[in-house]
Amino acid sequence: MSQHTPPGQMAPHIPADAYHRAQATGQPVVFVTHDTTAAFPWQRLLIPFAIAGAAALGTWGVVAALCWLMDVAAHTATVIAGAAGPIGAGGITLKLFSKK
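Every value quoted in this text rests on a predicted model; they were computed, and no experiment measured them.

Thresholds applied
Residues numbered from 1 in each chain as written. Predicted model: local features only at pLDDT ≥ 70, side-chain atom pairs only at ≥ 80, totals over all residues. Heavy atoms only, no water. Helix = DSSP H or I, 4+ residues; strand = E, 2+ residues; numbered from the N terminus. Buried < 20%, exposed > 50% of the residue type's maximum accessible area, 1.4 Å probe, protein only. Areas by Shrake-Rupley, 256 points an atom, 1.4 Å probe, with all protein chains shown as cover. Patch = residues over 30% accessible without salt bridge, like charges linked within 9 Å, V, L, I, M, F, W, Y side chains within 5 Å. Salt bridge = Lys/Arg side-chain N within 4 Å of Asp/Glu carboxyl O. pLDDT = per-residue confidence, 0-100.

J.: Please provide a residue-by-residue account of the overall build of the chain, values included.
T.: Looking only at helices and strands, the chain has 2 helices and 2 strands in total. When the helices and strands of the chain are read in sequence order from the N terminus, they spell out α-α-β-β. When each of the 100 residues of the chain is scored for burial, the buried share is 3%. A total accessible area of about 9400 Å² is found for the chain, and carbon and sulfur atoms account for 68% of it.

J.: Describe a nonpolar patch on the surface, listing the residues and the values that go with them.
T.: Residues Val62, Leu66, Trp68, Leu69 and Val72 make up a contiguous nonpolar surface patch of roughly 500 Å² in combined accessible area. Tracing the backbone shows Val62 in helix 2 (residues 42-84).

J.: Tell me about the confidence of the model for the chain, and please be specific about residues and values.
T.: Residues of the chain with pLDDT of at least 70 account for 69%, and the chain-wide mean is 78. Mean pLDDT per element in the chain: strand 1 (residues 87-89) is the minimum at 65, and helix 2 is the maximum at 91.

Structural data, given as structure tokens:
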């Protein structure tokens, strides 16, 4: 958690040697501050888009994996049914693939 300086204070701490030198000589102490605020806070916009992009890629990955799994299952069922020949249960036979 960042700690911000209260309004009206330039610096919460002055090094002791700079303070004593300024007191002894009457020389002013100059504080240089850099403006770190950007024109637009890109992080506020970028983080939600990164999360949404990761979720979309993950969803597409799951869909692709399920499609691949169903394709493998269909090919496996086809190979097993072709190798087994006619399937029968209780006197009723079902021929899945007829060889002509």
